[in-house]
Structure formats: C-alpha cells, structure tokens
Amino acid sequence: MHWAERIAAEIIRSKPDKEEYVCAAGISPSGSVHIGNFRDVATSYFVVKALRRMGRKARLLFSWDEFDRFRKVPANVADTDGEFERHIGRPYVDIPDPFGGCHENYARHFEAEFMEAMDQFGIETDYRYQAEMYRSGKYVDQILLALAKRLEIFDILEGFKTQDAAEGEREAYYPVSIFCPECGHDSTKITALSSDCNLAEYECKCGHKGSFDFTADFNCKLVWKVDWPMRWMYEGVDFEPGGKDHASPGGSYQNGRLISERIFHYPAPVFQGYEFIGIRGVAGKMSGSSGLSLTPGTLLQIYQPEIILWLYSKTEPSKAFDFCFDEGILQQYYEFDKQYALFKEGAAQELNASIIEYSLIDGREIETAPMSLLVQMGSVVDFNVPMLELIFEKIGTPYKYGQFKDRLSRARYWLEYCAPESANRLNARRNWAYYNTLDEGAKRETALLCDYIRKGGYSLEELQSELYAIPRKVYGENPPNLKQIQGAFFTHIYQLLIGKAKGPRLYLFLYAIEAERYAGLLDFSSPPAGDELRSQAEEEAEEKAGAKEEARPAVEYGAPDPAEPWKDEIGMDAFNAVDLRVCKVLKCAEIRKSHNCYKITVDDGLGQRVIVSSIKKYYAPEDLIGRKIIVAVNLKPARIAGVTSEGMLLAATNGACGCQVVFADDCIPEGTAVR
C-alpha cells in the first residue's frame, strides 16, 4: 500500500461521514521557496489523490502566510538593497518588491515565482492569502475568542516549557500582534484590554500609542501557535503535514493540537511529519553567487516534473532523499524510466505501479529517451537536433525530436550549470602531449583503430568486436592481463579524443559521430603542426602557472604576542546580546579576486547562512568542510569582498600561531547556543 493511502485511510476512519476532505499546506513567502518546502505541498497533494482514488471528495488547500512578519533579509534581496533590514517586523505584503517593482509587493514576487512552477506539476490548488483573510475581518470571531481565553492559551503553551514563567508574564500575555499604523511594524505591546475583549490600548516602540477595536480594526494577527489551530477549525482541515521540527515532542503540532481541541473545540487534523530534503553535488556554475536558488523552478530546469513527483512519491515522508545536481541525476532518470516501462507494460508490482500513478500529470505524455545518452552524445554535437536524430538512428534507437525534446533542454542545462566537467567535447587538435607518453604497443593500437575507422563500411556490432580485437592483434591472442590491456586501450582513445579517462560507451560513441570529425585526432603519422606545438607549450605553461597559484605558501610564525590587557567589565546582558551558535561548515569556496577570504556556507540549525572569513592563508577548504565551528549569528550583515556575510566565526590570532579557528566537538548539534 502506498504511504498516501495509509494516511487517507486514517483520515476516513477519523471522520467517516464527511462529504469533502480538506488537506492543507502552507508556506511563508519569506524569499524564494526552497525545494524542501515543496514537500509540504507534495505530501498533501498525494493524500488528496489517495482520497479520490478511494472514492472520496477532497481538495488541496494552500495557504500563503504572507501576513507573517518579515524576519530576515535573504542574501539575494540584500544584494539589491543594503538597507532592506528596515522592513523587519512588517508583514510581507506591506514590503515593496525588491526586484524592480514587477509585482505589487514582496510577497507577490515570491508567490508568483512559486506558483509558476506549481502549474507545471498540474497541481490543482485552492489558495488562501492570509493578509486578505485577516484584513477583511474573516477571523474576527476567532481573534476575540483567543483573547477571551488568553490565559488558558498561555497555560497550554507554558506546559511545554521547561522553565517557569516570570512573575506577571501570564497576566501580560496576549496571543495577538497589532501592526502599528505609524511605522507598520509589529513592535507593539498591549497595555490594557476591555472586559469584553473588544478594545485594547497599546504602545509601539516607535513611540506611537493608540486604541484598537478588534471588531472594526483588522490590522492584527494571531501568534503562530494560535493562528495555525485557528485555521484548522476555520477551514475544516482534516490533514496537514509539517517539517520534523513541528513534529518533535513539544513542537508546534503538539501545542496546536491542544489549542485546537480546548480553545477552538475542533479535533486536530491527522498530522504527518516529514524529513528535510538533501542536495547532492551543486557544482559548476550553479552556486549561491550565481543567483540560482534551489527552488522548484530551478529543479524543473533539470528534472521533468513527473520525476520530481516520483521522488516524493516513492519516499515515505519520514525519510530523507536527495535531489542530485551531480551524476546521480542520471541514475534517477534511469530508475524512473525502468519503473515507468514496467508500468506501461502492466508488469510493475502493485506498490511500484501506485508510485508511478501518483507521479503522472494529466495531459502530459512521457517519452523516455535515455537522459544519459542525451548528455553524452548531445555535448559532442553541441545539441544539434538533426545530428542527434542521426546518431540515434545509427545506433538502433531512432528517437525523433518530439520524443526527446522535453529532456534535451534539461540535459543541456544540467551540463552547463551543474556538471560542465561531464561534457564530452572532441579535442580541438591532436593531443601530442598525451600521445608521447604512450609505449609502442599503445601507439600501434591507436594506428590500427585509426586505419579501421578511415576504411569505414562496418556495422555497429563489427566496430564493437574490432575494439576488443585490436589489443589482441598487438599483444597476442590471450595475454594474461587481457582485461587490463583492453581497459588501458579504451582510456588512451578517450584521452586522445575528448581529453578524459572515460566517456560514453566507446563503440556507440565512435559509431554515432561522423568519422571525419575525429579520425584526424587518432592519426599521428605526420609530425605536429606549428599551432599544435604552440598550443601544447601554452597549455603546459598554463598548467604550471595554475599549479603555482594553487600551491599554498608556508605560513611563517613568530614569537608569541604579549597578552593584551583585559577589556572593561560587562554584565550578563551585554554578554548574552551576542548570539553564539555551533554551526556545521557545508561548503567553503574561494572568492574571485580576494586573496584572503573564503565564502563559507554553514548550517546554523535553522537553515543555511553565508559568512566571509579571511582565513585563506591558514586553511584549505577541505580543512573546514564538515567541521563544527562557532559563529556570532546575530552580527549585522556586512559586505566583505563583494559577498554579504551573515555572521563571524570565532578564531584566535597570535603571532605564534597565526589565525586558528575555534572548532566545536562533532557531537554538538547544529544551532546549539554557546553560553
């Protein structure tokens, strides 16, 4: 049974007589919606499909939490406006579009970006825009109820905390934030509330003071742990997933379940926690500095939408999986094609058939021209369609453009932005430098193959046989190390043709490409031409220069610096103002034109952030990646070497040791505070 069907069965058992089931998902448009957030949508989407397969009516309710407060400036936004922090504390819908004003506000920009990708998945969605819901007064009764039961809500939330509340904290608790009409921020504090909970007195940090009528003024919002269960009741939600942080003991769902049942008298929906999504091999040109963010739209540049859905469909929500920007993506395409072929033949096992069925999109036909073949052959002919059609015909798989069109652009994009090192391009000239390293036997093999190719008139099968026969012609029919000799022969030919130790299946490669395009690269019967000699010398000089540049100079240390006098005493408030967290180094990259700085991407326990540090002289990237460091995470972002740095790592500096990073033990979880 598919995992979505197990959840659907549980929903039906909980409310067997309901006419239409509501499966919810929600995302805050705080920036470009990451592919990990898409699991929220995909999980509910599959449960909706499962309910419908069971003969029940169901719909997917998607909430844009655009009335949430703006908390942090994303790096790509900071690059457009260095003072965007002034909007922190305002609702997303009240912030201008940071990218030229193409959309009416910040929220609409990122919502449009996500919904454009959603359309490609064929997911029918009932959208809710929370700013509109709140400001139209639709939640006024629920807000008044929450205010009337504010002390009960406080007691529920307090029951999940490990420390007792401070004196007076309970009486001062209000589960609603008022947005100030003067500054637009949520930096207000309610100072008094009428007995009927309709009127409040408040003051804002900006100095504004005023009265607020909850029955007529709607520019306010319930706090998250009350807002979520309130919407379950209002919308009649029967199922909603959430990240593993929400699913943890004492997490948002456990809080929300009690508030839903005790305050709003609505049974909490069936809940499914899900694991976060991993990324493998973001390489080549696809990096944070390139401006390519890992959104569903970015994924669709390299994955067909059905394969994205298939990866979510075949993986239980409680288990993690990776989207691959390295060569792992080719294996994923291969596995999908294999399962899809069995499905089309009616030979798939029941579970695998369900996995495929949940991944299909109405109105789309799937063609399974091998992605690996498009990548391997496409780069050789610069993705020329007629030449690719000719190649496919010659090797016995006569795919036409209509059959590989959907994948061709994705193959090209993957090669260009993710794995440029995987492209197979014929060398521009004979590789004399490599050829001169070969022994006489290997040179004889090369000459035999060149003669055979130029003679022509062979079939694919004959070419394959000849490739295995040539080493025997040179080294004897049955040498003791025949497999090693044949492997070395293939390596030599790859190096002479494409400058790499391996490539596409050699017999297909040689048969598919027109012989006149590469035969000359195997012909060393004439001496090197002048341009070949110059190019070879230039390339060797460039390699030497590159090696010299990459060599890390030895650091010279001196005598210890004298200890500095103590700084002025501070109190605990000043010390605690610096938020020190244990972070894990995920990536470390050089910054163009910077001699001293690295761009370091870390996991801070709540997400990822970039810090810039001038430690290049003392550490190689591999010395840092995977290690735990300590970062001041609440340091105001600053532009360093052209990169926005969102914190500062802790290091000790002394003439006797240079700059030494303070590492934390691997057993300490990311996000742990240092006190």
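Residues numbered from 1 in each chain as written. Predicted model: local features only at pLDDT ≥ 70, side-chain atom pairs only at ≥ 80, totals over all residues. Heavy atoms only, no water.

1. Description of the overall build of the protein chain
Across its full length, the protein chain carries 26 helices and 22 strands. With the C-alpha coordinates of the protein chain rotated into their principal frame, the extents come out at 100 × 80 × 45 Å. Taken across its 675 residues, the protein chain has 47% of its residues classed as buried. Pairs at least 24 apart in sequence give 69% of the contacts found in the protein chain among residues at least 6 apart. Approximately 33,800 Å² of the protein chain is accessible, and the part contributed by carbon and sulfur atoms is 49%. If you average the places of the 79 positive and of the 100 negative side-chain charges in the protein chain, the two averages end up 2 Å apart. (Helix = DSSP H or I, 4+ residues; strand = E, 2+ residues; numbered from the N terminus. Buried < 20%, exposed > 50% of the residue type's maximum accessible area, 1.4 Å probe, protein only. Contact = heavy atoms within 4.5 Å. Areas by Shrake-Rupley, 256 points an atom, 1.4 Å probe, with all protein chains shown as cover. Lys, Arg positive; Asp, Glu negative; His and termini not counted. Charge placed at Lys NZ, Arg CZ, Asp CG, Glu CD.)

2. Details of the pairing of strand 15 (residues 608–613)
Most of strand 15 is tucked away: five of the six residues are buried. For strand 14 (residues 598–603) and strand 15, the ladder comprises six bridges, and the chain directions are antiparallel. Across the sheet, V602 pairs through a bridge with R609, a residue of strand 15. Hairpin remark: strand 14 followed by strand 15, antiparallel, with four residues in the connecting loop; positive phi at G605, about 95°. (Pairing = 2+ DSSP bridges.)

3. Quick look at the packing of helix 2 (residues 38–53) against helix 14 (residues 350–359)
Axis separation between helix 2 and helix 14 bottoms out at 10 Å; the angle between their running directions is 110°. Between helix 2 and helix 14, the crossing angle belongs to the class labelled roughly perpendicular. Considering how the two elements wind past one another, helix 2 and helix 14 form a crossing that is right-handed. In contact with Y45, F46, K49, A50 and R53 of helix 2, helix 14 contributes S354, E357 and Y358. Of the residues in the contact of helix 2 with helix 14, the class split is four nonpolar, one polar and three charged. (Axes fitted to C-alpha atoms, helices over the stretch in contact; angles between N-to-C directions. Parallel < 35°, antiparallel > 145°, perpendicular 65-115°, else oblique. Left-handed = near helix turned anticlockwise from the far one by under 90°. Nonpolar A, V, L, I, M, F, W, Y, C, P; charged D, E, K, R; others polar.)

4. Thoughts on the nonpolar core
Of all hydrophobic cores here, the largest spans 117 residues; its most connected members are F38, V41, Y303, F323, L497, F509 and Y518. Look past the residues within four positions of F323 in its chain and what remains in contact with it is I35, I277, G278, I279, R280, L299, Y303, I308, L311 and Y312. Among the nonpolar cores identified, the runner-up in size contains 44 residues, and I95, A146, L147 and F264 belong to it. (Core = buried A, V, L, I, M, F, W, Y, C linked by side-chain atoms within 4.5 Å.)

5. Description of the packing of aromatic side chains
The final tally for this structure, using the stated rule, is 49 aromatic pairs. Between Y127 and Y129, the aromatic rings sit 6.3 Å apart at their centres with planes inclined by 35°, giving tilted as the arrangement. The partly exposed category is assigned to Y127, whose relative accessible area is 22%. The residue whose ring lies beneath K314 is W310, and the NZ or CZ to ring-centre distance is 5.0 Å. (Phe/Tyr/Trp six-rings, centres within 6.5 Å; stacked < 30°, edge-to-face > 60°. Lys NZ or Arg CZ within 6 Å of the ring centre and 35° of its normal.)

6. Quick notes on the environment of V237
Topologically, V237 is positioned in the loop between helix 8 (224–235) and strand 9 (239–243). Under the relative-accessibility criterion, V237 is labelled buried at 2%. It is 69 Å that separates the C-alpha atoms of V237 and A433, two residues lying 196 residues apart in sequence. In contact with V237, other than residues within four places in its own chain, are K15, V22, A24, L61, R231, W232, Y266 and P269.

7. Some remarks on the confidence of the model for the protein chain
Put simply, the protein chain has an average pLDDT of 90, and 94% of its residues get 70 or more. In this model residues 283–292 is a low-confidence stretch, pLDDT under 50, and it forms 21 contacts with partners more than four residues away in sequence or in other chains. (pLDDT = per-residue confidence, 0-100.)

8. Some remarks on the side chain of D97
Within the secondary structure, D97 sits in the loop between helix 3 (75–78) and helix 4 (106–120). In this structure the side chain of D97 is engaged in a polar contact, spanning 3.1 Å, whose partner is the backbone nitrogen of C102. Every residue in contact with D97, bar those within four places of it in the chain, is listed here: C102, H103, N105, Y106 and H109. (Polar contact = N/O pair within 3.5 Å; in protein donor to acceptor, adjacent residues only side chain to side chain.)

9. Some points on the pairing of strand 9
Sheet faces and side chains relate simply in a regular strand, where the side chains alternate between the two faces. Where burial is concerned, most of strand 9 is hidden: five out of the five residues are buried. Alternating residues of strand 9 divide into F239, P241 and G243 and E240 and G242, and every residue in both groups is buried. Of the pairings in the sheet, the one linking strand 9 to strand 10 (residues 270–274) comprises five bridges and is parallel in character. Of the residues in strand 10, the one forming a bridge with G243 is Y274.

10. Re the environment of P479
Looking at the secondary structure, you find P479 in the loop between helix 20 (460–475) and helix 21 (482–498). Residues P479 and Q608, 129 residues apart in the sequence, show an inter-C-alpha distance of 56 Å.

11. A word on the sheet that holds strand 5 (residues 188–193)
Strands sit in the order 5-6-7 across an open sheet of three strands; the sheet is antiparallel. Pairing within the sheet leaves two strands with one partner each, and these edge strands are strand 5 and strand 7 (209–213). For this sheet, the mean angle separating the axes of adjacent strands, direction not counted, is 35°. As paired strands, strand 5 and strand 6 (residues 199–204) are joined by five bridges and run antiparallel to one another. Paired with I190 across the bridge in strand 6 is Y202.

12. Some words on the packing of helix 15 (residues 371–380) against helix 17 (residues 401–418)
Look at helix 15 against helix 17: their axes get within 9 Å of each other, and the N-to-C directions meet at 60°. Regarding helix 15 and helix 17, the two cross each other, and that crossing is right-handed. Across the interface between the two elements, M371, L374, V375 and S379 of helix 15 pack against F404, R407, L408, R410, A411, W414 and L415 of helix 17.

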